[in-house]
Amino acid sequence: MLKVAPILAFTDNYIWLISNPDNNEAWVVDPGDAQPVLDKLTSTGQELAGILITHHHPDHTGGIIKLLEHKKVPVYGPTNESIKGLTDSFRDGDQIEAAGHTLRVIEIPGHTLDHIAFVYDDADHPAVFCGDTLFAAGCGRIFEGTPEQMLNSLNKLASLPSETLVYCGHEYTLANLHFAREVSPDNQAIKDRLSKTVTKRRHTRPTIPTPLFIEANTNPFLQCEEESVKSSVEAQSGQTLASAVEVFAALREWKNNYVEP
Ligand SMILES: [Zn+2]
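Just so it is clear, the model here is predicted, and its values are computed rather than measured.

## Focus on the overall build of the protein chain
Per the secondary structure count, the protein chain includes nine helices and 14 strands. In terms of overall dimensions, the protein chain has a C-alpha envelope of 55 × 40 × 35 Å along the principal axes. A buried classification covers 46% of the 261 residues belonging to the protein chain.

This is the structure in structure tokens:
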């Protein structure tokens, strides 16, 4: 089982700290900033042993160089030469060793073309670190890929075992659920999750990780095949949408322009 702790960076980024169960070493995922990582290592008495990167955006990579000045460690990430400090690049299906565990790399393009996720295929406690692709109750913006690529990547994540804990890169859950309720006003699971999330965020508790089975019921971006979501998106966009990709593209567009009431 992975021992994972959140490190908050900037206003809503999560850097994930994975502790090695056998020693005092830890790896971090997506260190956009170095100082919060160094502070966490000091306060927990842990040594940095490695860095995992899901994609090239500065709020996920900006702390790499300063961390390497602190200690020279491996930096594993996608195939992208623009990521400064990267030591090893990985592709779909590759296996890596990190924090005393084996993780599997999957490619999930869409948010960026280089985006990868790290999957922990444990029979009892599976987990995935998926950066800015699947969020709790939402998904990342499509900056570099196509809607089809992004939907394929989300489906790839959604096909992992349903108990898989999703460790994403941002605390966007509350805003995502407000939008989800707008898309699916009759979905009771969304309303229930929203009220729990309001309470958690009132106490500034993280809402991440969440298991995939909760996403399946409450994340509209994983429900583009559902008739109720399709008709809601059609009504909003004024278009007839012929496929799940078209529903997804229009839903993503709706979210891009959505302003919470
Ligand atoms: Zn990003």
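## Some points on the sheet that holds strand S7 (residues 95–98)
Spatial ordering of the open sheet is given by S7-S8-S9-S10-S13-S14, a layout of six strands whose pairing is mixed. The strands lining the two open edges of the sheet, one partner per strand, are S7 and strand S14 (210–211). Where strand S13 (residues 165–168) and S14 come together, two bridges link them in antiparallel fashion. Residue Leu 165 lies in a different strand from S14, and its bridge partner there is Pro 211.

## Describing the sheet that holds strand S2 (residues 13–19)
Overall, mixed pairing links the six strands, which are arranged S1-S2-S3-S4-S5-S6 in an open sheet. Only two strands of the sheet have a single neighbouring strand rather than two, namely strand S1 (3–9) and strand S6 (88–89). Strands S1, S2, strand S3 (25–29) and strand S4 (47–52) of the sheet are contacted by helix H1 (residues 35–44), whose axis makes an angle of about 135 degrees with S1.

## With respect to the nonpolar core
In this structure, Val 28, Ala 117 and Val 128 are the most contacted members of the largest nonpolar core, which totals 72 residues. If sequence neighbours within four positions are ignored, Ala 117 has contacts with Thr 54, Ile 106, Ile 108, Val 128, Phe 129, Cys 130, Gly 131, Thr 133 and Leu 157.

## Observations regarding helix H5 (residues 173–183)
The complete set of buried residues in H5 reads Thr 173, Asn 176, Leu 177, Phe 179, Ala 180 and Val 183. All buried residues of H5 project into a common sector of 160 degrees when viewed along the axis, lining one side. Buried residues in H5 make contact with strand S11 (134–135), strand S12 (138–139), helix H6 (188–202), helix H7 (212–218), helix H8 (227–237) and helix H9 (244–256).

## Some details on the pairing of S3
Buried residues dominate S3, accounting for four of its five residues. For S2 and S3, the ladder comprises four bridges, and the chain directions are antiparallel. Counted as the bridge partner of Ser 19 is Ala 26 from S3. With antiparallel pairing between neighbouring strands as the criterion, S2 and S3 make up a hairpin whose turn holds five residues. Inspection of the sheet shows S3 paired to S4 by five bridges, in the parallel sense. Residue pairing for S4: Trp 27 is matched across the bridge by Gly 50. Running through H1, the crossover from S3 to the neighbouring parallel element S4 is right-handed.

## Looking at the environment of Phe 221
Mapping Phe 221 onto the fold places it in the loop between H7 and H8. Using a count of 26 C-beta atoms within 10 Å as the deciding quantity, one classes Phe 221 as buried. For Phe 221 and Ile 96, which are 125 residues apart along the polypeptide, the C-alpha to C-alpha distance reads 29 Å. Leave out the neighbours within four places in its chain, and Phe 221 touches Gly 138, Cys 139, Leu 154, Phe 248 and Leu 251.

Rules behind the numbers
- Residues numbered from 1 in each chain as written.
- Predicted model: local features only at pLDDT ≥ 70, side-chain atom pairs only at ≥ 80, totals over all residues.
- Helix = DSSP H or I, 4+ residues; strand = E, 2+ residues; numbered from the N terminus.
- Buried ≥ 20, exposed ≤ 12 C-beta atoms within 10 Å, placed from the backbone.
- Pairing = 2+ DSSP bridges.
- Contact = placed C-beta atoms within 7 Å.
- Axes fitted to C-alpha atoms, helices over the stretch in contact; angles between N-to-C directions.
- Core = buried A, V, L, I, M, F, W, Y, C linked by C-beta atoms within 7 Å.
- Arc of directions from axis to C-beta.
- Right-handed = clockwise from strand over helix to strand, strands pointing away.

Nothing here speaks to function; it is geometry throughout.
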